Amino acid sequence: METDMDSVRVESSLWIGNKRYRAFLSGWYFSWTEIDKGNREKKTIFHVNRNSRGNAQGLTWSLGRTQFCCPSRAVRDQWITQHRTALKTHSPSRPHRLLVFINPFGGKKRGKQIFHSLVSPLFELAGISSHVVVTERANQARDYILKKDLTGFDGVICVGGDGMFSELLHGVIGRTQQEAGVSENDLTAMLQPCDLHIGVIPAGSTDCVCFTTVGINDPVTSALHIIIGDSQPLDVCSVHDQSTVVRYSVSLVGYGFYGDVLEESERHRWMGPLRYDYAGCMVYMCNRSYSGLVQYLPSDSQISSPRDNTRCLSGCRVCSESKERLFPHFDSSTSLYSSNVSQYSTELEGEWVTVEGTFKCISLTCVSSSCPRSPKGLSPSAHLADGTADLILVRDTNPLSFLTYLHRHTNKQDQFDLPFVEVHRVKAVRFSLPPGEEEDFEEEEEKIQSSAERVLEDPGKLCSNNIAGHSQQHLTGQKEKATSTSRLKRPGFVCGPCCTKPRSVSVWNCDGEILPQTEISCRIHGQLVRLFARGIEDSTRA
C-alpha cells in the first residue's frame, strides 16, 4: 500500500568531494546521478562513516558530512521535512532523552573529558537531551536507578568501565523486577525482560562489555550506536547463595586463578590498571589449584557449541532464532520488553552433569569476554543472546602448561585444544566444596575468626601484611560477620618457594567484584537486558 510519504518526491543537488550529483528522495529510497558543477546554495547532512581499524574486531564509526545544493529555500525545507519523516518512520527507537552517569575515577580518570569533548556534541547535534550525573561513591548509579523517577528517559548511559556498567545493570534489572512483582531471589523464576536500554561509552581499564558487543572500545563509535537507536539483547547470569541473589554477571564468574588475581589486585589499587598485570604474575607464580564439585545443566548441542568455530556477529542467526525458544508462550503481537512474561516461569529441566576434581580455574561467561588484550576472549564462539553461557574447566596442571593456556588467549591458537581444558555450553551451574574440603574449610574459618577476635581485642597485633584487600562495592547490602573477619586474615601472596601454605578455597570473581560466598548457584536469563549496540559487525564486508 502506498503511503503519503511514499508519494512525495523531492530532488536537489548533492556534493561529494568536488563532484556534483542530482539526488532524488522518494519515501525511504534515495538515488543520485552525476551532473556538471554549478554554484548553488549548500546545506550539510550528517551521517555515519564505517571502516575497519587496526586489529579491532568490529568497525569504527565516525561522523560524516555531505553537502547538498538546493535551488530554493522551499526545496531545502522539503528535503528537511522528508528526512525527518523518514527517520521517525523507519527509526522509531532513536532516543530523545538520556540519563548519563559518569565515573570520574575509572580507568585513566578521563570519563568527564571523554563525554564533554567527544560524546556530548554528538548528542546535541542529533537533538538528544541528556541529564548528567557525575558519581561520587560506589553504587550511586545503581541506587539512583532503583529509587528515582525515570519517566521520560529512553535509556541510561554509563561513561566508565565494566564496573560502572555493572552498576547500571543491577539497577535496571532490580527496578524492572520490582515493578513487575518478580522475586529476584527465586532461582527458578523467569525474570522480566528490561525495557530501559543501557548504553556504554568506554572509559575504563578493559571495557570488556563494550568490546564484546561493539567490537571496538571507541567512544565516538559507541555514541553513534546510541544516537541511531541500535538495540542488542543480552544474556545475563544471576548468581545465588542458597535463597538469595548475590549479583548479576555478563562477562565472568571466575573461581581459582581469576578470583585470586582480583583479590590480590585489590590490595594494589594505587597502581592503577597496572595492578592487574602485577597481580597476575604474583598469582601465577604461587601455582595454586583448588578442589571443587561442579554441576551443570547442558544446553542443546544441536543448536550451537563452544567448539563450532563460529562468531556471534551482528544479525547472528542463533541469537535471532532463540527468542521463540526462550519465550515459548510470548505473544508476538506485543512487545516482549513491555509485557509481563513472568507468569510463564518454569523450573529448569534436564539432566545435570557432575564434575569433581582439582582445578586451576573455573570460568562461566555469557559472552566471549573479548578485550583489546584478548581479541578472542575467554570463549570465542559464545553468543550474546542465545540464553546460554560457556563453562570452562581448567584442571590442575604444571605451570608451563597453564601458561600456554593463558597465552593462547592473546593469539589465534585454540585455547580449548589442550588435554586439561574442557568447555561446555550450559543453562545453569552449581559449585560446592567436596565433603572433606568443606569440613577443612569450616575449621579454617573458625580458626580465622578466633584469631580475628583476638586481634580486635588488641589492635596492635594486627599486621598490615595480613590484611587482604577486598572489593569496595557489593550489592548484597550486608555481610556476615564471620565472612568479613575471614576475609581480613587470608594469607598474603608471595612468590616462588616463599609462598605461604596453600589455602583450601579461592574466591569468586564476578565481573570484577569479589563474592564473599564460596558455594553458589548460577542461572542464565536469556535476552534479559538490551544495549544500544548491534553486535560486532563483520569487518570483511566493510
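Just so it is clear, the model here is predicted, and its values are computed rather than measured. Counting of residues starts from 1 at the beginning of each chain's written sequence and follows it residue by residue. Per-residue local features are limited, in this predicted model, to residues with pLDDT of at least 70; the limit for side-chain atom pairs, both in listing and counting, is 80 or more; totals at the level of whole chains, interfaces and linings are taken over all residues. The basis for every side-chain value is the complete set of heavy atoms in the structure, and neither hydrogens nor water enter the calculation.

Tallying secondary structure elements over the protein chain gives 14 helices and 19 strands in all. For each residue, the accessible area found with a 1.4 Å probe, counting protein chains only, is set against the maximum for its type, and the residue is called buried under 20%, exposed over 50%, and partly exposed in between. Considering the protein chain as a whole, with its 542 residues, one finds that 52% of them fall into the buried category. The contact criterion used is simple: two residues touch if any of their non-hydrogen atoms lie within 4.5 Å. Taking as baseline every contact in the protein chain between residues at least 6 positions apart, the subset at least 24 positions apart corresponds to 76%. A helix here means a DSSP run of H or I that spans at least four residues, while a strand means a run of E at least two residues long, and both kinds are numbered starting from the N terminus.

Before going further, it helps to examine unusual backbone geometry. Phi is positive for aspartate 207, close to 55 degrees, though the residue is something other than glycine. Within the secondary structure layout, aspartate 207 lies in the loop between β9 (197-202) and α6 (208-214). Residues other than glycine seldom take positive phi values, yet glutamine 527 does so here, at roughly 50 degrees. Within the secondary structure, glutamine 527 sits in strand β19 (residues 520-531).

With that out of the way, let us pick up helix α8 (residues 257-266). Among the 10 residues that make up α8, 10 are buried, leaving the element largely enclosed by the rest of the structure. Listing the buried residues of α8 in full gives Phe257, Tyr258, Gly259, Asp260, Val261, Leu262, Glu263, Glu264, Ser265 and Glu266.

Stacked, edge-to-face and tilted labels apply to pairs of Phe, Tyr and Trp rings (six-membered ring for Trp) whose centres lie within 6.5 Å, assigned for plane angles under 30 degrees, over 60, and everything in between, in that order. For the coordinates displayed, the defined rule picks out nine aromatic pairs. Considering the side-chain rings of tyrosine 255 and tyrosine 290, the 5.9 Å spacing of their centres and the 65 degrees angle between planes classify their relative orientation as edge-to-face. Taken as a pair, tyrosine 255 in strand β12 (residues 253-256) and tyrosine 290 in strand β13 (residues 290-298) lie far apart in primary sequence, 35 residues in all. Exposure remark for tyrosine 255: the relative accessible area of 2% places this residue in the buried category. Summarising the aromatic geometry, the rings of phenylalanine 431 and tryptophan 508 are spaced 5.3 Å apart at their centres and angled 85 degrees between planes, so their arrangement reads as edge-to-face.

Right, let's talk about the pattern of salt bridges for a bit. Salt bridges are defined as contacts in which a side-chain nitrogen from Lys or Arg sits within 4 Å of a carboxyl oxygen from Asp or Glu. Scanning the model with the defined rule gives 14 salt bridges in all. Among the salt bridges present, the one from aspartate 143 reaches arginine 137, with a minimum N-O distance of 3.2 Å. For arginine 137, a relative accessible area of 46% corresponds to the partly exposed category. Three or more residues are tied together by salt bridges with common partners; here these are Arg50, Asp230, Arg534 and Glu537.

Moving on, we come to the layout of surface pockets. In this model, the second largest pocket occupies a volume close to 1,600 Å³. Lining the second largest pocket are 38 residues, and of these Ile45, Phe46, His83, Leu87 and Arg94 sit closest to its centre. Elements that contribute at least two residues to the lining of the second largest pocket include exactly β1 (9-16), β3 (29-35), β4 (41-52), β5 (59-70), α2 (73-90), α3 (111-125) and α7 (219-228). Top contributing element to the lining of the second largest pocket by residue count: β4, with seven residues. Only protein atoms enter the 1 Å grid used here. Points where a 1.4 Å probe fits but cannot escape make up a cavity, open sets with protein on both sides within 12 Å along at least five of seven lines make up a pocket, and a residue lines them when an atom lies within 4 Å of a point. Grid points are joined across faces, edges and corners, and a volume is the space filled by probe spheres set on the points.

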